[in-house]
Structure formats: structure tokens, C-alpha cells
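The chain contents come next:
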Amino acid sequence: MKTLPLSGLLAALCTVFAMTPTNTQAGIKETAVEYTSAGATCEGWHVYDDAKTGKLPAVLIVHQWTGPSDYEKMRARMLAELGYNVFVADIYGKGIRPQPPEAGKEAGKYKNDRKLYRERLTSAFNVLAQNEHTDASKVAVIGYCFGGTGALELARSGAPVKAVVSFHGSLSSPTPEDAKSIKGQVLVCHGEDDPFVPGAEVEAFHSEMRVAGVKYKFVAYPGAVHSFTQKHAGDDVSKGSAYNADADAKSWEAMKELFAETLK
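Let me sum up the structure you'll find in this document. (Residues numbered from 1 in each chain as written. Predicted model: local features only at pLDDT ≥ 70, side-chain atom pairs only at ≥ 80, totals over all residues. Heavy atoms only, no water.)

1. Considerations on the packing of aromatic side chains
Right, so step 1: Across all of its chains, the model carries 12 aromatic pairs by this definition.
Right, so step 2: Taken together, a centroid distance of 4.9 Å and an interplanar angle of 10 degrees make the contact between tyrosine 117 and phenylalanine 146 stacked. One end of the pair, tyrosine 117, is in helix H4 (residues 114–129); the other, phenylalanine 146, is in helix H5 (residues 146–156), with 29 residues separating them in the sequence. Considered together, tyrosine 117 and phenylalanine 146 belong to a single accessibility category, that of buried residues.
Right, so step 3: An aromatic cluster is defined as three or more aromatic residues linked by ring pairs; in this entry it consists of Tyr92, Tyr110, Tyr117 and Phe146.
Right, so step 4: Over the face of the ring belonging to tryptophan 45 we find lysine 73, whose NZ or CZ atom lies 4.0 Å from the ring centre. (Phe/Tyr/Trp six-rings, centres within 6.5 Å; stacked < 30°, edge-to-face > 60°. Helix = DSSP H or I, 4+ residues; strand = E, 2+ residues; numbered from the N terminus. Buried < 20%, exposed > 50% of the residue type's maximum accessible area, 1.4 Å probe, protein only. Lys NZ or Arg CZ within 6 Å of the ring centre and 35° of its normal.)

This is the structure:
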């Protein structure tokens, strides 16, 4: 039998290893997921750690006004690393990823039509709740800006969510009486100096929660304005939207504490 010299054997082994997939170890898995909602094709993003076994507590993320983006995917990975099964909703529909000023118009379409907004939110919730990795009795929803509004709106619709977190979202509701349908605990992480959420809106939200008997926590971060969790917002608070590292870190910890209490 002909034998290879040592140099030839090493070269052959290197070729075999180069052809062998290297992603065989368990870890964070990310997948685009198409689904339908109210006649539209949507494309969400599923993230989980396949090193975890059994059914997992789950988190639905509702995007900010430009649609699902790398930002939401980053947050989804952070949550997956904490052991959650995560799905990023697509409220707008596949391929609809507007930038300002068009983003404002698209977001307004749903803020002004809460029935449609709820339909899109519910469809995304169902995708996550029915996922094979999800413990459907332990589902939370979070959202940023436009998505913060969405997280609250899904809760007001009566969806069976254990925890609801709004990060610098609008708090208004055309039907505040719907708060009686909220089943989980609510956390609002708010920039104390946010010019886009006036004081009257904040007070109306407090009244809405109290009248409905909702267990909620409202945290206003001093010096923080709108978009305080988003680095791409820059640091010029005079624009009304700016990143605030302290508020970002503290609000994330507040969310984790709520999840530890409600999704355990």
C-alpha cells in the first residue's frame, strides 16, 4: 500500500478539516421567519440558544419606527443569551423598512388604526407562542419607541403575556378602558425629559393603570430624552432624541428583574 509522506498527510488532513462544518456546537441560532397577518406577508426574526433544552420562557420584541433592524436583532441575541426564546415582530410587512420622514408616516398608520396594529401584534405573538421552543405560559413583550406603544397595545388587547416593557414609547390610548384586559405586569421605562411624551400623556397613563387595577411600575430616568437606549440616536439632547448610557443600562436591568419575577 502506498503511504503519503508526513507533509502530504498533513495537507490531506487540512483539506478534510476545511470541508467539515465548524458550526456544529450548540449556540445562538438566528432565522428569518415569514408569516401572514391581516392579508400581508411579514418577515420576523427568531433567535434562541439551542444549548438550552426543553420549553423556554419567551420574549416578543416590537420594533421602532423604521421596522425590524439590526438593533432589534442585537437585543434579541442579548435576550437569547439570557435563556429566552425570542421573536422580533414585523408590523409593517416584508420589505417595508422606511427611513425618516417616511417612517413617521408608516408608524402613524398603525397608531391611528389600533385595530390593524393589534392584528399585526397578535399574529407575531401567535408565531412565538406556537413555536416549538416556547413555554406558552411564560411569554413577555417588549418594545422600543413605536414598539413600546405596541407592547402596551398588545397587553391592552388581552393577550396572555406575563410581562410588558415599554422603552421610551408613547403611552396614549384611544380606549383606556381596555387596560382592564391587561393580564401581566407592566414596566414603563421613560425618559424624564422626553419632549415627545408630554406630561399630560404620562398622567393619563397613570390614571389608566390605576383605574384598571394593573400592577405596573413607571420609571423616569433623569436627563434622558426619547430613544435613550439607542446609540445611533447620538448624544445631542437638544434634538429630543439621544442615547443615554446610564438610562440604557438601568432600564435593561429593570426589565431583567421583572422577567426574573414573572417568567420564572
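2. With respect to the pairing of strand E3 (residues 56–62)
Every other side chain in a regular strand lies on the same face of the sheet, so the side chains alternate between the two faces.
Right, so step 1: Extensive coverage of E3 is indicated by the burial of 7 of its 7 residues.
Right, so step 2: Inspection of the sheet shows E3 paired to strand E4 (residues 85–88) by 4 bridges, in the parallel sense. By the bridge assignment for E4, valine 59 is matched with valine 86.
Right, so step 3: At this point the chain moves from E3, through helix H2 (residues 70–81), to the parallel E4, and the crossover so formed is right-handed. (Pairing = 2+ DSSP bridges. Right-handed = clockwise from strand over helix to strand, strands pointing away.)

3. As for H5
Right, so step 1: Extensive coverage of H5 is indicated by the burial of 11 of its 11 residues.
Right, so step 2: Along H5, the residues classified as buried are Phe146, Gly147, Gly148, Thr149, Gly150, Ala151, Leu152, Glu153, Leu154, Ala155 and Arg156.

4. Thoughts on the pattern of salt bridges
Side chains that differ in charge, positive against negative, can pair when their charged atoms come close.
Right, so step 1: Evaluation of the coordinates by the stated rule reveals 14 salt bridges.
Right, so step 2: Residues participating in the shared-partner salt-bridge network are Arg114, Arg118, Glu153, Arg156, Asp178 and Glu208. (Salt bridge = Lys/Arg side-chain N within 4 Å of Asp/Glu carboxyl O.)

5. Describing the side chain of aspartate 90
Right, so step 1: As for its placement among the helices and strands, aspartate 90 is situated in the loop between E4 and helix H3 (102–111).
Right, so step 2: Looking at aspartate 90, the relative accessible area reads 0%, which means it is buried.
Right, so step 3: A polar contact of 3.3 Å, which involves the side chain of aspartate 90, links it to the backbone nitrogen of tyrosine 92.
Right, so step 4: Not counting the four nearest positions on each side in its chain, aspartate 90 is found in contact with Tyr35, Cys42, Glu43, Gly44, His63, Pro68 and Arg97. (Polar contact = N/O pair within 3.5 Å; in protein donor to acceptor, adjacent residues only side chain to side chain. Contact = heavy atoms within 4.5 Å.)

6. Focus: the side chain of threonine 149
Right, so step 1: Relative to the helices and strands, threonine 149 is located in helix H5.
Right, so step 2: Beyond its immediate stretch of four places on either side in the chain, threonine 149 contacts Lys111, Arg114, Tyr117, Gly169 and Ser170.

7. Considerations on the nonpolar core
Right, so step 1: Of all hydrophobic cores here, the largest spans 39 residues; its most connected members are Leu60 and Ile91.
Right, so step 2: Elements that contribute at least two residues to this core include exactly E3, H3, H4, strand E5 (134–144), H5, strand E7 (185–191) and helix H6 (199–212).
Right, so step 3: Per-element accounting of this core gives the leading share, 7 residues, to H4.
Right, so step 4: The residues touching leucine 60, leaving out its near neighbours within four places in the chain, are Phe87, Ala89, Leu121, Ala124, Phe125, Leu128, Ala140, Val141, Ile142 and Leu154.
Right, so step 5: Among the nonpolar cores identified, the runner-up in size contains 30 residues, and Tyr144, Leu187, Cys189 and Trp252 belong to it. (Core = buried A, V, L, I, M, F, W, Y, C linked by side-chain atoms within 4.5 Å.)

8. Let's talk about the sheet that holds E5
Right, so step 1: Strand order across the open sheet formed by 8 strands is E1-E2-E4-E3-E5-E6-E7-E8, with mixed pairing between neighbours. Edge positions in the sheet fall to strand E1 (28–37) and strand E8 (216–221), since each has one partner strand and no second. The mean angle between the axes of side-by-side strands here comes to 20 degrees, regardless of whether they run parallel or antiparallel.
Right, so step 2: Sheet strands in contact with H2 are E1, strand E2 (40–49), E3, E4 and E5, and its direction is about 35 degrees off that of E2. (Axes fitted to C-alpha atoms, helices over the stretch in contact; angles between N-to-C directions.)

9. Notes on the state of the cysteines
Right, so step 1: On inspection of all chains with the given rule, the structure shows 0 disulfides.
Right, so step 2: Cysteine 145 carries a free sulfur, and the closest cysteine sulfur to it, the one in cysteine 189, is 12 Å from it.
Right, so step 3: We classify cysteine 145 as buried; its relative accessible area is 10%. (Disulfide = S-S within 2.5 Å.)

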